[in-house]
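Topology and contacts: notes
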Amino acid sequence: MRKKVVFVTGASGEVGQAIVKRLAEEGNHDLLTLDLQSLPEALQSLVTTHIEGDILNNILLARLVSEYEIDVIYHLAALLSKSSEFAPDTAHEVNVEGTLGLLRLAAEQSQWRSKPIQFVFPSSVAVYGLPDPESKGLYKRVREWEWNQPRTIYGCNKLYCEMLGSYYSQHYRQLAADQSVLIDFRALRFPGLISAFTLPTGGTSDYAPEMIHAAAQGRPYKCFVREDSRISFMTMPDAAKSLVRLAEAPREELTRQVYNVTSFSLSAAEIRDMVLKYFPEAEITFQPDPKPQAIIDSWPADLDDSAAQIDWGWEPTYDLERAFSEYLIPNITERYAGESGGA
Ligand code: SER
């Protein structure tokens, strides 16, 4: 008998680590994890098996399904927006081909069971693309179907993968006599994410977590976007919570396959002001770099997540005040205790 598992790709990444912790806390899942990197030591005892490998390795994936029955897939492996701009072909391979390979595998595996395989996918604010500051000022909180005109290859990759997932779950081989594929695809569009425990690599919204972590370490920080740059954010525990809540929601209550989620919208100056409240000595200056600035300017100031609130009761645990006072500041301060700086 193959062992039934929840499969997490990109498990050693920022969202991956948070979801592994969250699923382990629930305690009722055997976790199979995959990443190019080893799993951080603190997480190793939480998973049944960790495989160090590439999602593009189809032989490895075929071997995994011969040993495990995959019930749910959290597909988190991806290159973020800035990294993707430096290597658009690689971004396409990892972000699109990687997702397509897993969808194919889920479609094939679904033939062996009577219950759908659930495929949970993190998409991004990067799927939106506002063409100019006037539009960004006018359309402050975008709905899921508005402004789907990404400026980055990462945004294009994510938008296409949302469509692929929807296609595989609703219309795959729609002209075939026997259409027995069962994939239950669900996606979230995340805003910028901020973790107290990890730092992102290669994202355009990285200035927010970088500013906070630098202040806690007593290091000066030069922010690469203007003070008035505004997008929305959410804490990492809320990102994990939203993915798990979406996965748990009864299918019949979902009116969409892709949902916005968010917590608070902040300008870069407002992030600095929050940081100064807790670290009054922090040295934060602004030296906008026009290229990442143009990407941030194309992302909406806020996301309208009312569909998620109505359909599956989405509510973040951390609003702005609690995010800083209860999650970020205590954990970040403890993390860098002993180094210079600290609150
Ligand atoms: N935080 C991501 C990035 O900046 C967006 O999803 O790439």
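Residues numbered from 1 in each chain as written. Predicted model: local features only at pLDDT ≥ 70, side-chain atom pairs only at ≥ 80, totals over all residues. Heavy atoms only, no water.

**Side note on the sheet that holds strand β11 (residues 258-260)**
- The parallel open sheet is built from 7 strands, whose spatial order is β3-β2-β1-β4-β5-β7-β11. At either margin of the open sheet sits one strand with a lone partner, and together these are β3 (49-52) and β11. Across the sheet, the mean angle from the axis of one strand to that of its neighbour is 20°, orientation sign disregarded.
- Note: strand β5 (residues 117-124) against strand β7 (residues 183-190), 8 bridges, orientation parallel. (Pairing = 2+ DSSP bridges. Helix = DSSP H or I, 4+ residues; strand = E, 2+ residues; numbered from the N terminus. Axes fitted to C-alpha atoms, helices over the stretch in contact; angles between N-to-C directions.)

**Considerations on the site of the ligand**
- Surrounding the ligand, one finds L80, S81, S124, Y154, G203, T204, S205 and W299.
- A distance of 2.5 Å is found between an oxygen atom of the ligand and a side-chain nitrogen or oxygen belonging to S81.
- One of the side-chain nitrogen or oxygen atoms of S124 is found 2.6 Å away from an oxygen atom of the ligand.
- Coverage of the ligand by the protein amounts to 92% of the 240 Å² it exposes when considered alone. (Near = heavy atom within 4 Å. Polar contact = N/O pair within 3.5 Å; in protein donor to acceptor, adjacent residues only side chain to side chain. Areas by Shrake-Rupley, 256 points an atom, 1.4 Å probe, with all protein chains shown as cover.)

**A look at the pattern of salt bridges**
- Taken as a whole and assessed by the stated rule, the structure comprises 19 salt bridges.
- When the shortest N-O distance is used, the salt bridge between E227 and R272 registers 3.3 Å. Taken as a pair, E227 in the loop between β9 (221-223) and β10 (230-235) and R272 in helix α10 (residues 268-278) lie far apart in primary sequence, 45 residues in all.
- A residue is classified by how much of its surface remains accessible, and E227, at 39% relative accessible area, is partly exposed.
- Assessed through its relative accessible area of 19%, R272 is described here as buried. (Salt bridge = Lys/Arg side-chain N within 4 Å of Asp/Glu carboxyl O. Buried < 20%, exposed > 50% of the residue type's maximum accessible area, 1.4 Å probe, protein only.)

**Brief notes about the sheet that holds strand β12 (residues 264-267)**
- Taken together, the 3 strands give an open sheet; going across it, the order is β8-β10-β12, and neighbouring strands pair in mixed fashion. Lying at the two open borders of the sheet, with one neighbouring strand each, are β8 (192-194) and β12. Sheet twist, expressed as the average angle between the axes of neighbouring strands with direction ignored, equals 45°.
- Bridge count for β8 against β10 is 3 bridges, and the pairing is parallel. In the sheet register, G192 faces β10, and the bridge partner there is F233.
- Sheet contacts for helix α8 (residues 207-216): β8 and β10; angle to β8, the most-contacted strand, approximately 20°. (Contact = heavy atoms within 4.5 Å.)

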